Each structure stands twice: as C-alpha cells, then as structure tokens.
Amino acid sequence: MAQNNTIKDILDKVKKNKRWPDTKLIQKAYNYAVLKHGDQKRKSGEPYIIHPTNVAYTIAELGLDEQTICAAILHDVVEDTDATYEDIEKEFGTEIAEMVDGVTKLKQIQYTTIEENQVENYRKMFLAMGKDIRVIIIKLADRLHNMKTLQYLRKERQIAIAQETMQLYAPLANRLGLYSMKWELEDLGFKYLYPEEHDELVKGIEQKREERLKFIEKIMEDIRVQLKKQHIDAEVTGRAKHLYSIYRKMQRDNKTLDQIYDLFALRIIVNSVKDCYTALGIVHEMYNPMPGRFKDYIAVPKTNMYQSIHTTLLGEKGTPFEVQIRTWDMHRIAEYGIAAHWAYKEANYGSKKGQKIVQVQEDKLAWLRETLEWQQEMQDPQQFLETLKTELFEDEVYVFTPKGAIKVLPRGATPIDFAYSIHAEIGNHMTGAKINSKMVPIITPIKNGDIIEIITSENSKGPSMDWLKFVKSSQAKNRIQQWFKKEKKAENIEKGKESIEKELKRIGILYIDLFKQEYINPMLERYKYKNLEEMYAAVGFGAMTATKIIARMLIEYRKEHKEEPIEDKIEELSTAKKEITKPSNTGIIVKGIDNCLVKLSKCCNPLPGDEIIGYITKGRGVSVHRKDCSNVNELLKEDNRIIEVEWYNQEKVTYTVEIEIFANDRNGLLADIVQKVNDSKVKLLGVNAKATKERIAITEITIEVNNLESLNKIIRELRKIDSVYEVNRKK
C-alpha cells in the first residue's frame, strides 16, 4: 500500500519551501474537499480524500505555489461532487478555479492504445488543452498516485492504465523535465506490464545488493577525500538506477543482469560550474574513463533544460560505474524541471548561485524554456506565472476518429475539413456529422478532444460551393475545388447557360441576336476563356457572373444597334389620355401611363403592401420589383429605365406566393400544415415536401393571397404548428 500523506505533511513541506506560505488558504481548500467528498470511498475502501491529499503533497514536494496545491486538493470536486466551477471561483478565486477546470477537462479525453506515430499528437493535445502548465503537473501527480494504488483495480484495467502511463504520461513528464516523476511512473508501469520480468529483476538486484553497496560506498569515500583535498565543497551520493532503465538496457544490448555493471550511479553536487569541471578532472585522475561514454550536458543542455556532466569510469577489477556531476541549481532542474524553476522563483532567498542556461534548440516548447532561463533580475513571481499561462500549439486542434485515431487540423476547422483529411471521397459524399455522438451542422467549429463521425451517402450530390466559405484546411479547399472543376463540368456548363439565358430574358434581348461570333470573341478575349464551354462552366461554377459576360458583349452589340431613346419607349407605353390613370390587371398603377403591360417580377413576387419600383423592359412593358429585391441594385444602374409605380387599392386581385416551412420531422406534420392553410381560408395551389438526413423537414407551399396582411397572417399561423421552427416567404 502506498504511503498516505496528511494535510499536516503538506503544510510542513510548504513551510520548508517558502518563507511566508499562505497555509490558511491550503487548509481552507482541504476542509472544503473533505466536506464535498464526504463519505465517498476509493476502490481500496479508503476515504476518497486520501487521493487529492496525496496528489497535493506531490505538488508541494515539487515546490509549487499555494494556488497549485489548492487546485490539486480540489481537482476532483467538480467532477465527483455537486460543486461547480462557479462555486470554486467564488470560494477560491478565478486562478484556482481555472486550474481545477483544466484538470477536469483533461480527464474527459478518451485515450486508447494507438499506433506509435500518433502518440506525440496526444502529448501535444494535452499541452494544448492545459493552457496553464501547472494543470499538466497536477494531472501527472494525479496519475502518479493512481499508479501507486493500481493493485485495487481489475487486471485488464491495470494493464490499460499502465500502458497509457508508459505511452503518454511518462513521456509528458520527461518533456517537462520532471525526471523524478518520469522514473516513478515508468517503474510502476513496468511492474504491471511486465510483472515476471519486474519481479525477476528485483530479485536479481537484491542478491548482490550488499556486494555492490560496499563497492560503491568505498568509491564514494575515496572521491570525497580527494575533493576535500582540492577544497571543493561537494555532496557525493549514490543511487540505484531505476528498474525500467536497467530492463531497457538489457533488452537493447541483449545482456543479462550480471553483464550490467553500472546499476548504481554516483552523483557529485557542487556550488559552481567551475567546480564541476574541477571535480571531473579529479575523478578522471582517480579512475580510467571508458571511451565514448562521456557527455557534457552543461556546455550543450538537453532540450528540456537538463544539465550535467556524465562520465563512466572503471573501478577495481575493471567494474564500470557512472558519475554525474552538476551544480545545485542544475540538480533542482534535473529532479523537477519546469516545476523546479517555479520553486526557484518563489524561494530564491536560500538557493545557491548557478550558471545561466545557454540558448536551447528551436522546437515547439523552446519559447517556454527560453523564458525559464535563470533570470536573476525577475523578482516578481506573478510575472513568471504569466509565462506558464498561455496556449501551446494554438494554431492546431487535435480530434479523434470514432476508432480513436487522432487528426491534427487548423484551429477553427469544421467536420468538412475532418472528412477531407480522411479521404477525398468521404468529403465528397458527406451528408452530415456528429461531434461526440451528437448531430451537428457540418460547419460547426471543432475543439480539442472532440470525437468526429462523418455520415456519408452514395446518393450525395457532392460538396456545396458554400463549403469553401467555412473550411480552414488547404487540403479541403483544394479537394472541393477539384471536384467542382472535374466532376461537375457538364452540370456547370448547363448551369452557366441557364444563368446567361435568364439574364438575357430579364433585359429583353434574344440569345440568337446577341450570341454572334463578332460579339463573342471580344468577350472571350477579355476574360481569357478558350471557348464558350469554358465560359459557361465558369459562370456555372460561380467564378464569373452572367451579368459581366452579357455587359461585355452588349458593348459590341450597341456599336451596330443604336437603341431608340428611352423617352420614346415611355411615349409608346402611354396613351393620349395621360391625365387618367387606371390600374393594370395586376392591381398596379404606373404613374402617368395608362393601359400599359405590367408584370409582377417572379424573382421577388411583390404583394400589395410591399414597397415597389417599376423597370421599363424592351418590348415587354413594365416589370415590377420589391424595393428589397436582390436584383434592384442592378436595375438602378440604368436609372433612365426606372419608373414610379404604386398599388391600386382593390380587393379582387389575388397574388401567388411561395412559402418555405422548416421543422423537425415528425409523423403528421404535412397534414397539420395543410389543415392550417385550409383553416385560414387561403387557396392552396401546390405543396413540395422533403426531409434531410438530419431529420429536418423542408416544406414549400404555393398559396393565393389578396395582400401582404393576409400573407403575414398565414405565416403567423404556420409558426404555431408543433415542431415548426422557421417560416419564410420565399425570395
């Protein structure tokens, strides 16, 4: 059973590390956790409070601040009790509440055994989600205590948790320079993953333990004597190498335990870098160094801030042993990494002077390590805290497939990006998406840790041009554009032709009159199209508008066709009796003109009550549009064709209107819609209903109404139908 620490142990440890600790805050957090966890028990049957207390002791041992210790004590209350984030914030402040929230979110990540090349993405994701590095350290301490009490779980859970520890948590500890934690996690993981090898190794080491201890103690005493002679103030200690590192060495070099001699390492800790190299000279004089086994991490530190000199020497009878030489500051970093630097800033009144760390190599964590160099002038701990509170890898999000594989996408990416990152065909046949098992719009931004499931259909019509507005990855953009250019070329050509013909019809020019080679060629040359097909495809694809194409051709057309002045057109439309104005058969009065042809535009379907304007077409009378019609801006460019129109106040004229109804699909929905229309005494001309994959029912109805008021009334009634969430007049 793991040794259980108490709140007194935590407070004693904090008092050793800091001159004026806020012990009242820590005691308050402990009392709060005891109250909230109440009678909860662990798998071992022990009171649950033992777990957060031990996690907090590890944090105190690392020398971290009171806020982090409090967050460690409280790290399970939001997940396992009725306490909320707001409760913690109210009682202990935002800083502690955010750390507790961060640890809670990390627990929600579902880790599964994965292929080796994906492991690093998990570590990155943890770092990205733990915006405050202290959150990661609490999570590591949490895992360490869980590993120490793993014997109370079922065998399969032990193996799964040990595997996760070896793949994810121990490397994370190593990445942050938390070596003491890394070694403990590895040895505990080794015990459960390879129990036979572990027990055999422990037994083998114990057999010759006494003999090895005598050997190493004699060497330590001899070195102490020589260092003292040279007036070097040093601490010389010996430690057994960690079990897992011995096992790995045996596997790597294909050796038995008897062939591994450096099971013990000597450590010489001195006050300055100069003393490090003096001590190195002394031990090299005393013992022969083994060739190729010397490493100077003081001159060139490891990327996680580690500094020491390593040398392997040959003792009596040629038995090798390892010596590590470092300063006290380097020792603190070697044991506790980033946490050690935090402690150093909090308690620098008692530290010994060390050497500044040289520039580290560039990588994703370099910014952090550079900030953590020994900056003696930075006295304010709050300033240091800010360096630990930032998002790592903020340009990326890490998400899962349903099978547990991880995908890295740009921040702000959507399920569309995710689909195309798997395969172009998945994206092209995508019809919907689920995030964490919940159906969502496919343009929903995804977050770190989300599990994304893509719904596809062989009957899918392919991607939408609108997707290009939402996707963030270049891969998705390229694949969508390729699909439109290749797969939909024929359809785009057809769409382009329709757009051109529709625009020609609107302005009153026949296709056969405008599309002559002498008008086509200048247009193709102006817009750099090889032929008409390419131009039609571009219009259909949306890269060019029909208006621009026709406008360029009209320049040539008008050179040969001098149009009669618009004033003459108005004259033609009018009658001799200008003083009398009568409504047209559509219920529209054209100011100053009687008996002229008037058509209500189909693009916006104006109704009595709508604000309207008139547009004089070529040979087809006056076209009436709503003022908010999407085509009005184009019409206003030809100001001399605009004419005033108004509604004639009469009730006999009826108007056709199309309405779109959006609802969550259910049985009997269509019947309720039809019934509501009949009850409103409105004539129903047509119905078109369909349901999407997301079970959204879209119903289009065509009705006859007298005016805007009667239309608004039926829209209000339709909105009252159960499951209906949106009713719009179709534009």
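Here, every reference points to the structure presented above.
Residues numbered from 1 in each chain as written. Predicted model: local features only at pLDDT ≥ 70, side-chain atom pairs only at ≥ 80, totals over all residues. Heavy atoms only, no water.

A. Examining the overall build of the chain more closely. Scanning the chain from N- to C-terminus turns up 31 helices and 20 strands. Of the contacts formed within the chain by residues at least 6 apart in sequence, a portion of 65% connects residues at least 24 apart. Summing over all exposed atoms, the chain offers an accessible surface of approximately 37700 Å²; the carbon and sulfur share of this is 48%. (Helix = DSSP H or I, 4+ residues; strand = E, 2+ residues; numbered from the N terminus. Contact = heavy atoms within 4.5 Å. Areas by Shrake-Rupley, 256 points an atom, 1.4 Å probe, with all protein chains shown as cover.)

B. Focus on the packing of helix 23 (residues 489-507) against helix 27 (residues 546-560). Axis separation between helix 23 and helix 27 bottoms out at 9 Å; the angle between their running directions is 60 degrees. Comparing their axes, helix 27 and helix 23 come out oblique. With respect to the hand of their crossing, helix 23 and helix 27 are arranged in right-handed fashion. Listed contacts from helix 27 to S499, I500, E503, L504 and I507 of helix 23 are A546, T547, I549, I550 and L554. (Axes fitted to C-alpha atoms, helices over the stretch in contact; angles between N-to-C directions. Parallel < 35°, antiparallel > 145°, perpendicular 65-115°, else oblique. Left-handed = near helix turned anticlockwise from the far one by under 90°.)

C. Main features of helix 23. End to end, helix 23 covers 27 Å across 19 residues, agreeing with the expected 27 Å (1.5 Å per residue, within 8%). Three or more residues of helix 23 are buried, namely N492, I493, G496, I500, E503, L504 and I507. Around the axis of helix 23, the buried residues are gathered within 110 degrees of arc, so they sit on the same side. Away from its buried face by more than 90 degrees, helix 23 exposes A490, K502 and K505. With its phi angle positive at about 80 degrees, G508 sits one or two positions after the end of helix 23. (Expected span 1.5 Å × (residues − 1). Buried < 20%, exposed > 50% of the residue type's maximum accessible area, 1.4 Å probe, protein only. Arc of directions from axis to C-beta.)

D. Seen up close, a negative patch on the surface. There is a patch of like negative charges on the surface, built from E196, E197, D199 and E200. Along the polypeptide, E196 turns up in helix 12 (residues 195-207). Judged by relative accessible area, which is 64%, E196 ranks as exposed. (Patch = residues over 30% accessible without salt bridge, like charges linked within 9 Å, V, L, I, M, F, W, Y side chains within 5 Å. Salt bridge = Lys/Arg side-chain N within 4 Å of Asp/Glu carboxyl O. Lys, Arg positive; Asp, Glu negative; His and termini not counted. Charge placed at Lys NZ, Arg CZ, Asp CG, Glu CD.)

E. Main features of the sheet that holds strand 9 (residues 438-440). One open sheet accounts for three strands, arranged 9-8-10; its pairing is antiparallel. Two strands bound the open sheet, and with one partner strand each, they are strand 9 and strand 10 (452-456). For this sheet, the mean inter-axis angle between neighbouring strands, taken without regard to orientation, is 35 degrees. Pairing between strand 8 (residues 430-435) and strand 10: five bridges, direction antiparallel. The partner of K434 across the bridge, within strand 10, is E453. (Pairing = 2+ DSSP bridges.)

F. Structural detail: the packing of aromatic side chains. A full pass over the atoms with the stated rule returns ten aromatic pairs. Taken together, a centroid distance of 5.3 Å and an interplanar angle of 90 degrees make the contact between Y287 and F321 edge-to-face. Placement of Y287 in the loop between helix 15 (273-286) and strand 3 (288-296) and of F321 in strand 5 (residues 320-327) is noted, with a sequence separation of 34 residues between them. Both residues of the pair, Y287 and F321, count as buried. (Phe/Tyr/Trp six-rings, centres within 6.5 Å; stacked < 30°, edge-to-face > 60°.)

G. Region of the structure containing the sheet that holds strand 19 (residues 696-705). Strand order across the open sheet formed by four strands is 18-19-17-20, with antiparallel pairing between neighbours. Lying at the two open borders of the sheet, with one neighbouring strand each, are strand 18 (683-691) and strand 20 (724-729). Each strand of the sheet is rotated relative to its neighbour by a mean of 20 degrees, with strand direction disregarded. Against the sheet, helix 30 (residues 669-679) makes contact with strand 17 (655-664), strand 18, strand 19 and strand 20, and its axis sits at roughly 20 degrees relative to strand 19, the strand it touches most.

H. Expanded view of the environment of Y306. The residue Y306 is located in the loop between strand 3 and strand 4 (309-314) in this model. Put simply, Y306 and L178 are 128 residues apart on the chain and 9.9 Å apart in space, counted from C-alpha to C-alpha. Excluding anything up to four places from it in sequence, Y306 contacts Y179, Y297, P301, Q324, R326, I333 and A334.

I. Molecular detail of the pattern of salt bridges. In the structure shown here, the tally under the stated rule is 17 salt bridges. Here E91 makes a salt bridge to K28, at a shortest N to O gap of 3.7 Å. Of this pair, E91 sits in helix 6 (residues 85-92) while K28 is found in helix 2 (residues 23-37), placing the two residues 63 residues apart along the sequence. For D628, the salt bridge is made with R626, and the minimal N-O distance between the two is 3.1 Å. In this structure D628 comes out as exposed when scored by relative accessible area, which is 52%. Overlapping salt bridges bring together D65, E95 and R134 as one network.

J. Expanded view of the environment of D12. Among the secondary structure elements, D12 is positioned in helix 1 (residues 7-17). Residue class for D12 comes out partly exposed when judged on its relative accessible area of 30%. For the pair D12 and A60, spaced 48 residues apart in sequence, the C-alpha separation works out to 9.4 Å.

K. Focus on the side chain of H331. As for its placement among the helices and strands, H331 is situated in helix 16 (residues 328-346). Excluding residues that lie within four positions of it along the chain, H331 makes contacts with R267, I269 and R326.

L. Representation of the pairing of strand 13 (residues 612-616) within the structure. With respect to burial, strand 13 is a largely interior element, five of its five residues being buried. Here strand 13 runs beside strand 14 (residues 622-626); their pairing, made up of five bridges, is antiparallel. If you follow G614 over to strand 14, its bridge partner there is V624. As defined by bridge partners, strand 13 adjoins strand 15 (residues 642-643) across two bridges and the pair is classed as antiparallel. Within the sheet, the bridge partner assigned to G614 lies in strand 15 and is I643.

M. Here's a closer look at helix 30. Residues of helix 30 that are buried include every one of L669, I673 and V677, and no others. What you see down the axis of helix 30 is that its buried residues fit within an arc of 75 degrees, all on one side.

N. A look at unusual backbone geometry. The phi angle at H231 is positive, at roughly 60 degrees, despite the residue not being glycine. Looking at the element boundaries, H231 is found in the loop between helix 13 (209-229) and strand 1 (235-240). Residue H231 is classed as exposed on the basis of its relative accessible area of 72%. In this structure, S437 is a non-glycine residue whose phi angle is positive, near 70 degrees. Tracing the chain through its elements places S437 in the loop between strand 8 and strand 9. For S437, a relative accessible area of 66% gives the class exposed.

O. Representation of the packing of helix 2 against helix 4 (residues 66-73) in the model. In the contact formed by helix 2 and helix 4, the axes pass within 9 Å of each other and the chain directions differ by 10 degrees. Between helix 2 and helix 4, the angle is such that the two are roughly parallel. Two secondary-structure elements touch here, helix 2 through L25, I26, A29, Y30 and A33 and helix 4 through E66, Q67, I69, C70 and I73.

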